Amino acid sequence: MKLFQNLFTKDSGLGIGAPVAGTLISIKEVNDPTFSEEILGRGVAIIPTGTQVCAPVDGTVSTIFPTGHAAALTSADGVEILIHVGLETVNLEGRHFTIHASEGQAVKKGELLLEADIEQIKAEGYDITTPIVICNSDEFSDIHGAGPGTVSLGDTILNLKK
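Being a predicted model, the structure only gives us computed values, none of them experimental.

Novice: Report on the pattern of salt bridges, specifying residues and quantitative values.
Specialist: Counting across every chain of the model gives three salt bridges. The closest approach of N and O atoms between Lys 28 and Glu 38, which form a salt bridge, is 3.7 Å. Of the two residues, Lys 28 is situated in the loop between strand E2 (22–26) and helix H2 (33–36) and Glu 38 in the loop between H2 and strand E3 (42–48); the sequence distance between them amounts to ten residues. Under the relative-accessibility criterion, Lys 28 is labelled exposed at 54%. Given the relative accessible area of 24%, Glu 38 is considered partly exposed. For Lys 122, the salt bridge identified is with Glu 119, shortest N-O distance 3.5 Å. Linking Lys 122 with Glu 119, this pair stays in helix H3 (residues 118–123), spanning three residues, or about one helical turn.

The following block contains the structure:
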């Protein structure tokens, strides 16, 4: 009977929230081929206006880079999400980033992971575009990004279907 329920149940998908407030753009517009060519996976990007980087889903922190420029999470549903604050910002060696979470930590959607001083990062000449990538994209039949525009922290920016 479960087989028939699965066949006829509409899959509403898994929603991924905006980890930072700003302007949502297509990942294809990111000025780094690793992201724009979707080498690491499909996703979207945000040009941040906010400084807080929060969990886009309920899940577990898989990785917090020691430099504070990126975090990876695994959602309760098994979605592997990379949040990379800015481009080439690893070269800042941690300047302008404050880490608030740790590897292995269980987090709820909206919980603070990192803070980034966006103005200081820009002042040092770095692109602040923040890709949000689904690293296990091949496990989903559809990944649909929201249209471009302004997003607030937590707004749904990606919808995934198994």
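Text resumes after the structure shown.
Novice: So what's going on with the sheet that holds strand E14 (residues 156–161)? Residues and values would help.
Specialist: For sheets, the rule is that strands pair by backbone hydrogen bonds, running either parallel or antiparallel. Within the open sheet, the three strands sit side by side as E1-E14-E12. Their pairing is antiparallel. The two strands at the open ends of the sheet, each matched to only one other strand, are strand E1 (14–17) and strand E12 (142–145). Between one strand axis and the next, the sheet turns through 20 degrees on average, direction left out of account. Across four bridges, the pairing between E1 and E14 is antiparallel. Residue pairing across strands places Leu 14 opposite Leu 160, the latter belonging to E14.

Novice: Explain the state of the cysteines to me, and be specific about the residues and the numbers.
Specialist: Within the structure shown, the criterion is met by zero disulfides. The closest cysteine sulfur to the non-disulfide-bonded Cys 54 is located on Cys 135, 19 Å from its own sulfur. By relative accessible area, Cys 54 is classed as buried at 3%. When its relative accessible area of 37% is taken as the criterion, Cys 135 is described as partly exposed.

Novice: Kindly report on the pairing of strand E10 (residues 112–116), identifying the contributing residues and their values.
Specialist: Consecutive residues of a regular strand have side chains that alternate between opposite faces of the sheet. Direction of pairing for strand E4 (residues 52–54) relative to E10: antiparallel, over a ladder of three bridges. Along E10, the bridge assignment pairs Cys 54 with Leu 112. Across three bridges, strand E8 (residues 97–99) lies against E10 in antiparallel orientation. Bridged to Ile 99 within E10 is Leu 114.

Novice: Now, about the sheet that holds E4: what can you tell me, with residues and values included?
Specialist: Reading across from one edge, E4-E10-E8 is the order of the three strands in this open sheet, with antiparallel pairing throughout. Whereas interior strands pair on both sides, the edge strands pair on one side only; in this sheet they are E4 and E8. Each strand of the sheet is rotated relative to its neighbour by a mean of 20 degrees, with strand direction disregarded.

Novice: Residues and numbers for the nonpolar core, please.
Specialist: One recurring pattern in soluble globular proteins: nonpolar side chains tend to sit buried together. Among the nonpolar cores identified, the biggest contains 37 residues, and Leu 113, Ile 134, Ile 157 and Leu 160 are the most heavily contacted of them. Contacts of Ile 134, omitting those with residues within four sequence positions, involve Ile 16, Leu 40, Gly 41, Arg 42, Val 79, Glu 80, Ile 81, Phe 140, Ile 143, Leu 158 and Leu 160. Among the nonpolar cores identified, the runner-up in size contains ten residues, and Ile 27, Ala 45, Ala 70 and Leu 82 belong to it.

Rules of the game
Residues numbered from 1 in each chain as written. Predicted model: local features only at pLDDT ≥ 70, side-chain atom pairs only at ≥ 80, totals over all residues. Heavy atoms only, no water. Salt bridge = Lys/Arg side-chain N within 4 Å of Asp/Glu carboxyl O. Helix = DSSP H or I, 4+ residues; strand = E, 2+ residues; numbered from the N terminus. Buried < 20%, exposed > 50% of the residue type's maximum accessible area, 1.4 Å probe, protein only. Pairing = 2+ DSSP bridges. Axes fitted to C-alpha atoms, helices over the stretch in contact; angles between N-to-C directions. Disulfide = S-S within 2.5 Å. Core = buried A, V, L, I, M, F, W, Y, C linked by side-chain atoms within 4.5 Å. Contact = heavy atoms within 4.5 Å.

Such coordinate-based values are descriptive only and should not be taken to indicate function.
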